[in-house]
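Summary of structural features
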Amino acid sequence: MDPFDSNSTGERANLPRNMIENSMFEEEPDVVDLAKDSAAFPTFPALDPDEVAYEPRSSRLLVRGLGENDMDEDEEDCESSARLLGMSFMNRSSAHRSSSSPYTRQAPPRSCSRPSARTMVVCVLFLVIVASMTMVLYFLPGCTFTKTGCRKPNKTTPFEPVYPVSTNGELFPWAQYRLPQSLHPLSYNITLSPNLDSMTFTGCTVITMIVQHNTKRIVLHSAGHNITKATFKLGEGEARDVTVLEYKPKQQIAVKFSEELKAGQTCVLTLDYSANLSHTYDGFYNSSYTDKDGNKRVLAATQFEPLSARKAFPCFDEPAFKATFLIKIKRKPAYMTLSNMPKAQTTKLSDDLFQDEFEKTSVNMSTYLVAFVVADFTPISKNVSETLVSVYSVPEKKEHTDYALDTATKLLEFYNNFFEITYPLKKLDLVAIPDFLAGAMENWGLITFRETSLLVGKQSSTLEKQVVASVIAHELAHQWFGNLVTMSWWNDLWLNEGFATYMQYMSLQTVLPKLDIGNLFLAVRFRALDKDALNSSHAVSTEVNTPEQVEEMFDSVSYEKGASILLMLNASLPGDQQFRKGIMLYLKTFSGLNTDTDNLWNSLTQVEVPTQHLNVSKMMSSWTSQKGFPLVTVSRKGDEVTLTQEHFLLTSENATRTSSLWNIPVTYVNDSCSLDPRCRQLVTLETKSESFKLPESVKWLNVLTHEDRASLIHNIFALSRLGRVSFQHVLNLLNYMPNETETSPVTEALLQLNNIYQLLDKRQEQYLVARMKNYIMSLFGSLMDNQTWTEEESVSKQELRSALLETACGLKRINCIKKAKALFKQYVESNGTFRIPGDLQQVVFSVAAQSDEDWPILLNKYGHATYDSEKRKMLRGLASTQDVRRIVWILKAGLKGDPIQTQELPLVISAICNGFAGYLFAWDFIQENWDSLIEKFHVGSFAIQTIVKSATSQFSTKAHLDQVQGFFSSLKERGSQMRSAREALETIRLNQRWMDNNLPMLQRYL
Ligand SMILES: [Zn+2]
């Protein structure tokens, strides 16, 4: 799934909760805190083997590192610069570096002797030195532990479980979130009759199962169904009626038997039921759109990941219960239906009713990947080898589907060849759904998208196409990573999402290099680091149990950090095929099955060349089993270079500093060899500190790529937040910015400075706000004024100018405002014939929205806009108004869903919170409407994460901290345990600390 708001990387949220750092969820069920869960309930006798409880793995072995180096002051100065270096390489990929850089300086001295601003610069270069061209250090691993720790043996005297009471008053025979393993589904036969007038549906689900071990019960998931009839058939016996028990809090149903079902037997459970179509964005939900004649058209679609297949049909709704599916859907003649498989036949049931039957799935699949759509969409299609690829949209947007079809076919060919496993289905549909919360969802053979993520016009800018291509590349990668090979449980969601994210960037660099996806990948890695530097972050692979915890896994740690560590691994392995061979082996070995993180590392280890010293399993588990990342400090004395690692943790004042160690592949080159990748030397830092010798004669190369420069900027701000370098050092580093013209360093510096500007603005530090504005203008003013306002081909230039101009106009730079206003006027007067370049639309609409006369005009345009991407930029503009009445109106309209879709609320709230006028209103709105919000977007979901972060991340005072704390603790089971709540509090404390430490400095130096 791509849960992100694809329009802005800066908004991608983050949030964590401190979980057991190394737990790899096993096949065994969790220990359930029954005392807490249901102490009041009576006990239920006999135990199945399923009920034997295991302790989660919890111990780990830490290896202490070597001692610290003693340093004198000069070395210390060098050292702080060296830290920058270490940090900077965390974000680099040698694969991404360009072979030459426009940014070249004189070779720095070989030692740092004078601590001063100059030294700072020199040392920064020294860093470079040390790594001279490439100390590609990517994320850091550690590993010093044996990832497992000890698992305790099965207890011989299992605790007495306490069973809850079902809705009919009988004991419900199961007390855990995870289902028992005693039965495994083999196939589902599902018939659905949706009624789009009454927004209800009836269903019949026939599940064929095999008994894995003797049991007296069947337990599965079902939510919101009124089960009208249930029959059970064992082996070749007669079907007989059975009573179904329901336990609503865990969305489970069960059938109890007096006789044991025996291992090896097959049986069939048939359930007839009725339900309402969901009015949220998950399950089998109803959606609507207004066609070009102003008529409301309704449709029904599905979104099951992670836990909502159970809302459409009773099922074993866990990813490891794979089965085949045969789906039939009844419909009126005006509609068409789609599902994972091609249509097998259509039967006319009456004049007004047809039944479409789809082929039985040719593969075993997890329930969260099942999908169906009932709508009046139209397709365009094309064949790629044996697969028919189609793109569906509402009829009037058909002409916006060409780019998606072209891109999808290219990418499908690429993946077929790259993995050497052909996409296994005969068709692949990509469908734009008018009401859709996530960016897209990778359902096997039927990928669903937000309209913005799939539809672009011929005139759309390359940047808009980049969004569409990225999402398609991500979802297509899932057809292998996730669909063909699936994580066993949600604790390893990163195996799906980290891989799809990595493949998305990797495939686009090869297939569509013009989209210049590298800057975006770098920027999202920075944001993942920002989140992972918090104590509230979590390990990539982390224990999850409750539905909220499952929802929370959809965050930048699973996606971007997951992708980053794969990037690091790929760059550390010798040759350019090792990584590919490893993942091909992984896909072939586990095709159709479920895996955990160890399976992946084992596959990659198996193809390692024997001469190589890198132990993939050992290295990578240090990255997946513990949260955070290391700060690597590089220092040099004569010919000896010392690397030291420590946990980079922003909240580290007291006892929270950890002794985590990573296994870090550090690569470097020097002037004895060229920039050729074959010159790279690899050092693995596994302990706290290690040294290596260099030839005395070595000189260092002094070329910094734009990725390096962007990383240095990101790192120095991070180190400043940590308190390791003063803000004065930050300002010193930024002195070179007026000479910088590359996109990624400029956008990163703008983002960081903007964050500080926002904090000052929200604290009403008027004097400093003005000074900060002047400072930003002094660095970027001329670059801002030099930007063009006409169509621009290069993606990189589009990214650069949109970031610059949004800041310029946001800070009311006259030149910018004038041009934006002129463009808006031209747009309005042209009556639809003039199109504002896609990358400039946001700045133009935001400027228009500040004017009393233009805001209603923009609202009117919003109501009539066809392109979803343009529409969202208008909405973001509308929400940036500083008129409080309008802000209140937008918030209410978004909550109501009319005329602003509720799916856009996270976007609206984020835009409002950027401005001074609305951010406190937004926070009040969230508190007052919390229950409605978590009804629309589940507790812990990405939408809720985004909303919480937008509203709280700019607070920096004790009063706000208390207020936010008070609110979240009052929520109890409605969200007080959310990782995003912990992250919000931690962020406010950090903001407060930064302000306390740096306000005097800002007053002096800005
Ligand atoms: Zn995904």
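Residues numbered from 1 in each chain as written. Predicted model: local features only at pLDDT ≥ 70, side-chain atom pairs only at ≥ 80, totals over all residues. Heavy atoms only, no water.

- Labelled according to an unreviewed UniProt entry, the chain appears under the name Leucyl-cystinyl aminopeptidase, originating from Larimichthys crocea.
- Recorded in UniProt under Subcellular location (unreviewed entry), the annotation for the chain is "Membrane".
- As recorded by UniProt, the Sequence similarities (unreviewed entry) comment attached to the chain reads in full: "Belongs to the peptidase M1 family." (UniProt positions renumbered as here; feature names shortened; annotations may be inferred.)

1. A look at the coordination of the zinc ion
- Within the protein, the zinc ion binds to Met1 (N), Met1 (O), His474 (NE2), His478 (NE2) and Glu497 (OE); these donor distances fall in the range 2.0 to 2.4 Å.
- Coordination of the zinc ion draws on donor residues from a single chain, spaced M-x472-H-x3-H-x18-E in sequence. Of this pair, histidine 478 sits in helix H6 (residues 462-478) while glutamate 497 sits in helix H7 (residues 493-511), and the two are 19 residues apart along the sequence. (Donors = N, O, S within 2.8 Å, 3.2 Å for Na, K, Ca; no water. Helix = DSSP H or I, 4+ residues; strand = E, 2+ residues; numbered from the N terminus.)

2. Looking at the UniProt feature "active site" (unreviewed entry) in the chain
- Sites flagged by UniProt as "active site" (unreviewed entry) map to Glu475.
- You can call glutamate 475 buried: its relative accessible area is 0%.
- Not counting residues within four places of it along the chain, the set of residues in contact with glutamate 475 comprises Met1, Asp2, Ala440, Met441, Glu442, Ile447 and Phe449.
- Of the polar contacts made by the side chain of glutamate 475, one reaches the backbone nitrogen of glutamate 442; its length is 3.3 Å. (Buried < 20%, exposed > 50% of the residue type's maximum accessible area, 1.4 Å probe, protein only. Contact = heavy atoms within 4.5 Å. Polar contact = N/O pair within 3.5 Å; in protein donor to acceptor, adjacent residues only side chain to side chain.)

3. Re unusual backbone geometry
- Following glutamate 305, the chain continues to proline 306 via a peptide bond in cis, the omega torsion being 5°.
- Within the fold, proline 306 resides in the loop between strand E10 (296-303) and helix H4 (309-312).
- Aspartate 898 connects to proline 899 through a cis peptide bond whose omega is 0°.
- Here asparagine 831, not a glycine, exhibits a phi torsion of approximately 60°, which is positive.
- Tracing the backbone shows asparagine 831 in the loop between helix H19 (814-829) and helix H20 (841-848).
- Relative accessible area serves as the criterion here: at 65%, asparagine 831 is assigned to the exposed category.

4. Concerning helix H21 (residues 854-864)
- When H21 is considered as a whole, its buried residues turn out to be Asp854, Trp855, Leu858, Lys861 and Tyr862. Down the axis of H21, the buried set is contained in an arc of 120°. They therefore lie on one face. In H21, the exposed positions that point more than 90 degrees away from the buried face belong to Gly863 and His864.
- Those residues of H21 hidden inside the fold are in contact with H19, H20, helix H22 (868-879) and helix H23 (884-896). (Arc of directions from axis to C-beta.)

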